[in-house]
Amino acid sequence: MRKFLAMILCVSMMATALVGCGSSTEPAADDGAAVEGAIGLSVSTQNNPFFVTLVEGAEAAAEAAGVSLTVVDAGDDVTKQVSDVEDLLSKNISVLIINPVDSDAVAGVVQSAMEAGVKVIAVDRVVNGVDVDCTIASDNVMGAELATQYIIDTLGEGVKVAELQGIPGASAAIDRGTGFHNIADDKLEVVASQTANFDRTEGMSVMENMLQANGDIQAVFAANDEMALGAVEAIAGAGKEVMVVGFDATDDAVAAIKEGRMAATIAQQPYMIGEAAVQNAVKLLAGEEIEANIPVEVALVTAETVE
């Protein structure tokens, strides 16, 4: 009998141990299994507050999700960006987030990434000719239309206006130019239009040349705030009063609007763009479906609405 009871006790202890071992995995299942795979983010430049903020949003989302994120900066050089992406692919990333320097020029390396099984999310700018998994961007056409209409609402139709264009080939530059001309070509007199490559120093230099050639310019639409702020400096140096409207609502631009040096800008949400990119990348890592296009709202910022 003692041997029989000992055997029952032993079996009971073994069963308890097995149940204990089984229950230890339950919390992990309830909490959801951690996603596997690394994410790479290729950004056009971090020499621009907009993209610095975008990267900050991406990094915060990656930390919150507990995923690996590698960020590379192309420095507005498409050749470097292609090389950067190739390097990320060699490190076996599972999702590529790309902010193209040139929407056409990156198509080849993005297509190669997708053929290798890497998921791709484009942010702020599209990748032309490639059906990426998702594009997250502001409505740049609508934003430029809002900016141009503000010039008309403030100064009236027929005024002489200049345009500072972004980097040729960048989809954001193309879309913002389209939005500007959708309104300006019919209702304003466009006396000058030239690229300043989204750069503040170039914006200042180009604006100086424009003012020398067209001293009666009344307003400027700049396709980003860096160029707009450069234009503001050139206009101040020339001792003129010209309305300047930018795009991005960077901290420097918002401060310039509060100080009365700049008239308006278009507010995007770069932090949200970066954050949404990583959040959706995590969904792709988990095998989930995501939307092909995720728009992020824009809004006109003026002295009346800046707060």
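Every value quoted in this text rests on a predicted model; they were computed, and no experiment measured them. For every chain, the first residue of its written sequence is number 1, and the numbers climb from 1 along that sequence. Restriction of local features to residues with pLDDT of at least 70 applies here, the model being predicted, together with a cutoff of 80 or more for giving and counting side-chain atom pairs; totals for whole chains, interfaces and linings are based on all residues. Each side-chain value is derived from all of the structure's non-hydrogen atoms; neither hydrogens nor water enter the calculation.

1. Points about helix α11 (residues 270-285)
A run of H or I in DSSP becomes a helix once it reaches four residues, and a run of E becomes a strand once it reaches two; helices and strands are each numbered from the N terminus. To estimate the expected span of a helix, subtract one from its residue number and multiply by 1.5 Å. Under the 1.5 Å per step criterion, the end-to-end length of α11 is 23 Å for 16 residues, consistent within 8% with the ideal 22 Å. Only protein chains enter the calculation, and the probe is 1.4 Å; a residue is then buried if its accessible area is under 20% of its type maximum, exposed if over 50%, and partly exposed in between. For α11, every residue scored as buried is listed here: P270, I273, G274, A276, A277, V278, N280, A281, V282, L284 and L285. Positive phi shows up at G287, right after α11, with a value of about 80 degrees.

2. Points about the nonpolar core
Generally speaking, nonpolar side chains in soluble globular proteins are found buried as a group. Each nonpolar core is a collection of buried residues, namely Ala, Val, Leu, Ile, Met, Phe, Trp, Tyr and Cys, held together in the definition by side-chain atoms within 4.5 Å. With 33 residues, the main nonpolar core has L164, M207, M210, V220 and M262 as its most contacted residues. Listing elements by their share of this core, those giving two or more residues are β6 (160-165), α8 (200-213), β8 (219-222), α9 (225-237) and α10 (251-258). Of all the elements, α9 adds the most residues to this core, at 7 residues. Only heavy atoms matter for contacts: two residues are in contact if any of them lie within 4.5 Å across the pair. For L164, the residues in contact, after removing those within four places along its chain, are Q194, G203, V206, M210, V220, F221, A222, A223, M227 and A231. Formed by 28 residues, the second largest nonpolar core is a distinct cluster that contains I39, A61, I121 and V278.

3. Re the confidence of the model for the chain
On a range of 0 to 100, pLDDT expresses the predictor's confidence in each residue. Model confidence for the chain is summarised by a mean pLDDT of 90, while 89% of its residues fall at 70 or above. Low pLDDT, under 50, characterises residues 1-33; the stretch is placed with 1 contact to residues that sit more than four places away or in other chains.

4. With respect to the pairing of β8
What you see with β8 is no split at all: A219 and F221 on one side and V220 and A222 on the other are buried throughout. Any two strands between which DSSP finds at least two bridges are classified as paired. Note: β6 against β8, 4 bridges, orientation parallel. Each residue of the ladder has a partner; that of V161, found in β8, is A219. Of the pairings in the sheet, the one linking β8 to strand β9 (residues 243-245) comprises 3 bridges and is parallel in character. By the bridge assignment for β9, F221 is matched with V245.

5. Points about the sheet that holds strand β5 (residues 134-138)
Spatially, β2-β1-β3-β4-β5-β11 is the arrangement adopted by the 6 strands of the open sheet, whose pairing is parallel. Here the strands that pair on one side only, and so sit at the sheet edges, are β2 (68-73) and β11 (293-296). Strand-to-strand twist in this sheet, taken as the mean axis angle between neighbours without regard to direction, amounts to 15 degrees. The sheet contact formed by strand β1 (residues 38-43) and strand β3 (residues 95-98) spans 4 bridges and is parallel. Counted as the bridge partner of L41 is I97 from β3. Against the sheet, α11 touches β1, β2, β3, β4 (119-123), β5 and β11, its axis set at about 170 degrees to β4. Between N-to-C directions, angles cover 0 to 180 degrees, with each direction set by a line fitted to C-alpha atoms, over the stretch in contact for helices.

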